[in-house]
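# Observations on chain architecture
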Amino acid sequence: MYQTALTLVQKLRDHKYEAYLAGGCVRDILLKKEPKDYDIVTNALPDQIEQLFPNSRAVGKHFGVILVVENGHHFEIATFRSDSGYSDGRRPDFVTFTTAEEDAKRRDFTINGLFLDPFTNEIKDFVEGQIDLKEKLIRFIGDAETRINEDHLRILRAIRFKNRLGFRFHPDTYQALKKFAHLANKVAPERIREELNRMLLHPSRVTALRDLDELGLLDIVLPEIAALKGITQPYEYHTEGDVFEHTLMALKSISSHKNLTLIWATLL
């Protein structure tokens, strides 16, 4: 898949366009992890991307994103853009095609705002993402409140990345998550479900649930689990504490295999 991504970047450059690997795949490469997918950013406009790649689909053309199918793999190729207005707390009202730097600055977390030249290994870092990778910090790009109001799901994504990567929250990010936790109730249920599934499938699921609780999110996204707190059990059988702690112990005992049904059954 990586080699195929390189051929797409090279084709864009052969036609005199700027092009880089972007986002999560760059983060994972720098962390010596195998990326699950490879996203590409470029100054080529959506119509130009479609002309270059016949096997493409205009899945997000309005936002400058074209899905390209090559060698059986799917790649998102996106035009550099800046976003304006998020009236629904999810998607920009309109986008402006712009530069690599502006594109990086409109993303969520610094560790996800890195671009990579795969041929020279040069990192384009406009947001100090490499510093936060080294320090193992989850930090919003720019103003945390602005990033959260653009897409409320970022509240849950911050917790998922923090626990999946074994990182910590930057103090400003932590305070913003606590302050705006209530906005999670505006996120569509299916989007919440997807984030929770990703958290629960990872071996760090227990610490993710504790973060949800500490930040005031558990009462919003899983009120039935929050209600387990303070429910006592016979001490001679359950020295671990209340039903909430018992449930977390049960979750922790599940091996890291990805049996989502078993994990949810244990939790509920």
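Structure report, in brief.

Secondary structure assignment for the protein yields 14 helices and 11 strands. Relative to the globule expectation of 18 Å for 268 residues, the C-alpha radius of gyration of the protein, 21 Å, shows essentially globular dimensions. Each principal axis of the C-alpha atoms in the protein carries an extent, and together these give about 75 × 35 × 35 Å. The buried share of the protein, taken over its 268 residues, is 50%. Once local pairs closer than 6 in sequence are excluded, the contacts in the protein between residues at least 24 apart make up 59%.

Two side chains carrying opposite charge are able to pair once their charged atoms lie near each other. What the rule picks out here adds up to 19 salt bridges. Across the pair D103 and R106 runs a salt bridge whose closest N-O atoms are separated by 3.3 Å. For the pair D103 and R106, one class covers both residues: buried. For R160, the salt bridge identified is with E195, shortest N-O distance 2.6 Å. With R160 in helix α7 (residues 154-165) and E195 in helix α9 (residues 189-201), the pair connects residues that are 35 residues apart, well separated along the chain. Comparing R160 with E195, the two get one shared label, buried. Connected through salt bridges with shared partners, the residues R160, E194, E195 and R198 form a single ionic network.

Turning next to the pairing of strand β3 (residues 56-60). Judged from the three bridges that link them, β3 and strand β4 (residues 65-70) form a sheet pairing that is antiparallel. Counterpart to R57 in the pairing with β4 is L67. Counting the residues between successive antiparallel strands, the hairpin from β3 to β4 contains four residues, one of them, G64, with a positive phi of roughly 85 degrees.

To continue, consider the packing of aromatic side chains. Tallying each qualifying case throughout the model produces six aromatic pairs. Relative to Y38, the ring of Y2 has its centre 5.6 Å away and its plane inclined at 50 degrees; by these criteria the two rings are tilted. Here Y38 lies in the loop between α2 (24-30) and β2 (39-42) and Y2 lies in helix α1 (residues 2-14), a separation of 36 residues in the sequence. Its relative accessible area of 27% is what places Y2 among the partly exposed residues. Assessed through its relative accessible area of 4%, Y38 is described here as buried. Measuring from ring centre to ring centre gives 6.3 Å for F80 and F115, while their planes differ by 25 degrees; the resulting arrangement is stacked. Placement of F80 in the loop between β5 (73-79) and β6 (81-84) and of F115 in strand β8 (residues 114-116) is noted, with a sequence separation of 35 residues between them. Each member of the pair, F80 as well as F115, carries the same accessibility label: buried. These aromatic residues form a ring-pair network of at least three members: Y20, F80 and F115. Stacked on the ring of F161, the Lys or Arg R160 has its end atom at 4.8 Å from the ring centre. Positioned above the aromatic ring of F244 is the side chain of K229, whose terminal nitrogen or guanidinium carbon lies 5.9 Å from the ring centre.

Core analysis: the biggest nonpolar cluster contains 68 residues, and L21, L209, L212, L217 and L222 have the highest contact counts within it. Ranked by residues supplied to this core, first place goes to α7 with six residues. The contact partners of L212, leaving out residues within four places of it in the chain, are L156, I159, L196, M199, L217, L218 and V221.

On to helix α13 (residues 243-253), then. If you check which residues of α13 are buried, you get V243, F244, T247, L248 and L251. Here the buried residues of α13 occupy an arc of 140 degrees about the axis, which is enough to place them on one side. Across α13 from its buried face, at more than 90 degrees, point the exposed residues K252 and S253. For α13, the elements touching its buried residues are α10 (205-214), α11 (218-221), α12 (223-226) and α14 (260-267). Taking the backbone nitrogen of F244 as reference, a side-chain oxygen 3.2 Å away marks D242 as the first, capping residue of α13.

This brings us to the packing of α10 against α13. Between α10 and α13, the least distance of the axes is 9 Å, while the angle of their chain directions is 150 degrees. Comparing the axis directions of α10 and α13 gives the class roughly antiparallel. Here R205, V206, L209, R210 and D213 of α10 come into contact with α13, specifically with F244, E245, L248, L251 and K252. When grouped by side-chain class, the residues that make up the contact of α10 with α13 number five nonpolar, no polar and five charged.

What follows deals with the sheet that holds strand β9 (residues 123-125). Taken in spatial order, the seven strands line up as β3-β4-β5-β2-β1-β8-β9 in an open sheet, and their pairing is mixed. Looking at which strands have only one partner, the edges of the open sheet turn out to be β3 and β9. Strand-to-strand, the axes of this sheet are offset by a mean angle of 35 degrees, without reference to chain direction. Packed onto the sheet, α1 meets β1 (19-22), β2, β4 and β5 and runs at close to 150 degrees relative to β1.

Basis of the calculations
Residues numbered from 1 in each chain as written. Predicted model: local features only at pLDDT ≥ 70, side-chain atom pairs only at ≥ 80, totals over all residues. Heavy atoms only, no water. Helix = DSSP H or I, 4+ residues; strand = E, 2+ residues; numbered from the N terminus. Rg over C-alpha atoms; globule rule 2.2 N^0.38 Å. Buried < 20%, exposed > 50% of the residue type's maximum accessible area, 1.4 Å probe, protein only. Contact = heavy atoms within 4.5 Å. Salt bridge = Lys/Arg side-chain N within 4 Å of Asp/Glu carboxyl O. Pairing = 2+ DSSP bridges. Phe/Tyr/Trp six-rings, centres within 6.5 Å; stacked < 30°, edge-to-face > 60°. Lys NZ or Arg CZ within 6 Å of the ring centre and 35° of its normal. Core = buried A, V, L, I, M, F, W, Y, C linked by side-chain atoms within 4.5 Å. Arc of directions from axis to C-beta. Polar contact = N/O pair within 3.5 Å; in protein donor to acceptor, adjacent residues only side chain to side chain. Axes fitted to C-alpha atoms, helices over the stretch in contact; angles between N-to-C directions. Parallel < 35°, antiparallel > 145°, perpendicular 65-115°, else oblique. Nonpolar A, V, L, I, M, F, W, Y, C, P; charged D, E, K, R; others polar.

No statement about biological role is implied by the geometric values presented.
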